[in-house]
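So you can see what is in the structure, the chains are spelled out below.
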Amino acid sequence: MVEDFILFARQAFVRGGAIGLVLAALGPSRYADSFGCSVVSIGDLNSDGHSEVAVSDPLFVSADGKGRCGRVWIVDPQTKQVLKTFDGRGEGDLFGVSMIAPGDLDGDDVPDLIVGTTCQGVDEAGRPESIPTPVSGIGGAYVSAISIGRGSPLYVVPVSRGGLQNIWDAAYPFPSLAALGDCNQDGVADFVIGSPYDSSSGRVHCGSVRIYSGVDGKPIKGVFGDSPHAHLGGRVIQAEGLGGERGNGILVSGGGIRCTEVTSINNPAFVWGLARGSLNRIVTVNPKDSDYSGAFGKTLCGLSDLNEDGFPEIAIGGSARGKTPLFRYSGADGSLLGKWRQRNGRFGLEMISLGDVNGDGFSDLGLSNVGDVSVPIQTLLVIVSGASDEILGEVSISEDQFPFSGVSLSVYKKDSKGVVAELLIGTASYRAPADWPGVVYVIDLSERKVVTSFSRSNLVARDAK
């Protein structure tokens with residue numbers, strides 16, 4: 001996601017590295033291309049038998065001069081035609097830092113979209129917040145529900161920044177989003193927002209998780225973190241059967257964030273499993289310090305019942321930089337069940353459940369992977385057995401392009417058995433658009449190959465907006 005790009009750029013700049021110097025020198029028109037930061041399948045809008053996709057670029061500069069307002073494109077991946085576009089409201093909004101497709105919210109029989117926006121402000125060059133330069137236009141974050149059929153917002157949900165002043169402090173996508181299905185039984189899907197910089201009753205940055213109505217964006221239920229700087233809501237996903245609960249639950253991560261104002265505070269990482277109906281905590285994962293190298297819970301995924309105790313398991317990823325540890329935990333009590341072997345490269349920065357790919361009765365995982373820019377072949381995706389450390393396959397590209405680690409994974413198509421047949425992968429580059437643009441790939445998992453791909457420059461323009 002975009003915060004990976006920004007954290008990487010900050011590190012390079014602080015070290016005085018060449019990439020950091022290049023980024024510092026780039027003007028408004030030559031900043032990093034984050035096209036593909038988030039990508040989701042939204043349904044067949046033009047009745048051609050294929051689903052359209054929504055693709056975001058939070059660093060997009062609009063034609064009317066709104067620097068880094070962000071944009072979301074609705075694209076037909078078969079023809080690369082743009083059906084509609086939606087922009088952030090103001091400068092530095094970073095519209096599209098997170099995104100979900102919950103289905104039809106307004107009853108017009110057209111799928112809709114929910115988009116997260118960070119509101120980071122911009123410096124004089126039109127770039128998002130940076131350490132050495134003053135920034136203006138910092139606002140409150142918000143989540144916007146978009147009616148694709150009408151081509152306009154349905155409603156906006158404000159999200160607390162809780163005093164967050166600098167994007168460098170953000171280790172998670174903010175705000176984080178997940179679709180939950182119909183929680184309040186009004187016939188429309190609802191959604192959850194994780195706000196890790198929310199505060200309550202003197203608990204600064206304790207974080208929150210709230211369920212909202214898909215109809216009007218009104219809050220249904222919420223829960224706050226237990227302590228100051230708990231950062232509950234760093235990542236949220238839907239998960240089934242947690243703690244023996246029927247139906248969908250919520251996996252949510254928190255802690256482990258090294259914010260500038262809390263570097264001296266013990267800020268342990270954790271993952272909670274919450275019941276969707278009550279938001280009661282039913283599973284708690286508290287890893288040992290030796291279990292992870294930072295940002296524990298940045299990636300979360302539900303697994304099958306591996307130990308046959310009647311409860312699904314949980315896959316949890318770690319650091320955004322360097323080798324990324326991946327763990328299996330019990331969905332019943334949060335105990336550690338196993339660990340996937342660490343490998344070279346950025347393996348598992350994002351992960352997604354693919355269903356039972358190898359026919360052993362257990363769900364398997366798709367793991368993003370970023371290799372070495374010095375080699376001609378780059379591995380985009382690694383398919384790993386959910387029950388063991390076995391690699392079931394890889395998908396690679398052999399083109400002169402290095403996708404950045406901000407990778408978004410989303411299901412594009414499933415087969416009759418519910419196994420993912422085609423997968424969307426969005427990448428966001430840390431170089432200028434003319435060098436290494438962000439790209440969206442459609443992957444055929446059975447053939448282990450790229451079916452089609454497109455960057456922002458490949459899109460076929462259309463006036464409808």
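What this report covers is the structure whose coordinates are included nearby.

Each value, and the rule that gives it
- Residues numbered from 1 in each chain as written.
- Predicted model: local features only at pLDDT ≥ 70, side-chain atom pairs only at ≥ 80, totals over all residues.
- Heavy atoms only, no water.
- Pairing = 2+ DSSP bridges.
- Helix = DSSP H or I, 4+ residues; strand = E, 2+ residues; numbered from the N terminus.
- Axes fitted to C-alpha atoms, helices over the stretch in contact; angles between N-to-C directions.
- Phe/Tyr/Trp six-rings, centres within 6.5 Å; stacked < 30°, edge-to-face > 60°.
- Lys NZ or Arg CZ within 6 Å of the ring centre and 35° of its normal.
- Salt bridge = Lys/Arg side-chain N within 4 Å of Asp/Glu carboxyl O.
- Buried < 20%, exposed > 50% of the residue type's maximum accessible area, 1.4 Å probe, protein only.
- Core = buried A, V, L, I, M, F, W, Y, C linked by side-chain atoms within 4.5 Å.
- Contact = heavy atoms within 4.5 Å.

What about the sheet that holds strand E9 (residues 176–181)?
So, step 1. The sheet built from 4 strands is open, its strands ordered E9-E10-E11-E12 with antiparallel pairing. Only two strands of the sheet have a single neighbouring strand rather than two, namely E9 and strand E12 (219–224). Neighbour-to-neighbour, the strand axes of the sheet open up by a mean angle of 20°, direction not taken into account.
So, step 2. As judged from the 5 bridges shared by strand E10 (residues 190–195) and strand E11 (residues 208–212), these two strands associate in the antiparallel manner. Across the sheet, residue Ser-195 finds its bridge partner in E11, namely Ser-208.

Quick notes on the packing of aromatic side chains
So, step 1. Under the definition given, this model contains 9 aromatic pairs.
So, step 2. Ring centres 5.1 Å apart and planes at 35° place the aromatic pair Phe-270 and Trp-272 in the tilted group.
So, step 3. An angle of 50° between the planes, with centres 6.0 Å apart, marks the rings of Phe-296 and Phe-327 as tilted. With Phe-296 in the loop between strand E16 (281–285) and strand E17 (300–302) and Phe-327 in strand E19 (residues 326–329), the pair connects residues that are 31 residues apart, well separated along the chain.
So, step 4. Three or more aromatic residues link up through ring pairs in this structure, and these residues are Phe-35, Phe-60, Trp-73 and Phe-454.
So, step 5. Positioned above the aromatic ring of Trp-272 is the side chain of Arg-281, whose terminal nitrogen or guanidinium carbon lies 3.7 Å from the ring centre.
So, step 6. Looking at Arg-328, its charged tip hangs above the ring of Trp-340, at a distance of 4.6 Å from the centre.

Topic: the pattern of salt bridges
So, step 1. Counted by the stated rule, this structure contains 7 salt bridges.
So, step 2. With its nearest N and O atoms 3.4 Å apart, the salt bridge here joins Asp-106 to Arg-150. Here Asp-106, found in the loop between strand E5 (95–103) and strand E6 (112–117), pairs with Arg-150, found in the loop between strand E7 (141–147) and strand E8 (152–159); they are 44 residues apart in sequence, far enough to count as distant.
So, step 3. Given the relative accessible area of 18%, Asp-106 is considered buried.
So, step 4. For the salt bridge of Lys-298 with Glu-350, the shortest nitrogen-to-oxygen distance reads 3.5 Å.

So, the pairing of strand E14 (residues 248–254)
So, step 1. For E14, the tally of buried residues reaches 7 of 7 residues, placing the bulk of the element in the interior.
So, step 2. Both strand E13 (residues 235–240) and E14 contribute to a ladder of 6 bridges, which runs antiparallel. Bridge pairing links Val-236 to Val-252 in E14.
So, step 3. Summarising the sheet, E14 and strand E15 (residues 270–275) pair through 6 bridges and their orientation is antiparallel. Bridged to Gly-254 within E15 is Phe-270.

A few points about unusual backbone geometry
So, step 1. Phi at Ser-47 is positive, roughly 55°, even though this residue is not glycine.
So, step 2. Tracing the chain through its elements places Ser-47 in the loop between strand E1 (39–43) and strand E2 (52–57).
So, step 3. The class of Ser-47 is exposed, set by a relative accessible area of 68%.
So, step 4. A positive phi angle, near 65°, is found at Asp-109, a position not held by glycine.
So, step 5. Within the secondary structure layout, Asp-109 lies in the loop between E5 and E6.
So, step 6. In this structure Asp-109 comes out as exposed when scored by relative accessible area, which is 72%.

With respect to the nonpolar core
So, step 1. Within the largest apolar cluster, 17 residues are counted, with the highest numbers of intra-cluster contacts made by Leu-381, Leu-423, Ile-425 and Ile-443.
So, step 2. Taken together, the elements giving at least two residues each to this core come down to strand E21 (346–355), strand E23 (378–384), strand E24 (391–397), strand E25 (406–414), strand E26 (420–428) and strand E27 (439–444).
So, step 3. Setting aside residues no more than four positions away along its own chain, Ile-443 makes contact with Leu-380, Val-395, Ala-421, Glu-422, Leu-423, Ile-425, Lys-449, Val-450 and Val-451.
So, step 4. One finds Val-143, Val-157, Val-159 and Val-188 within the second-largest nonpolar core, a separate group that totals 16 residues.

What to know about the sheet that holds E2
So, step 1. The antiparallel open sheet is built from 4 strands, whose spatial order is E1-E2-E3-E4. At either end of the open sheet lies a strand with only one pairing partner, and these are E1 and strand E4 (81–87). Across this sheet, the average inter-strand angle for adjacent strands is 25°, counted without regard to direction.
So, step 2. One ladder, built from 5 bridges, connects E2 with strand E3 (residues 71–76); its direction is antiparallel. Across the sheet, the residue bridging to Ser-56 is Val-72, located in E3.

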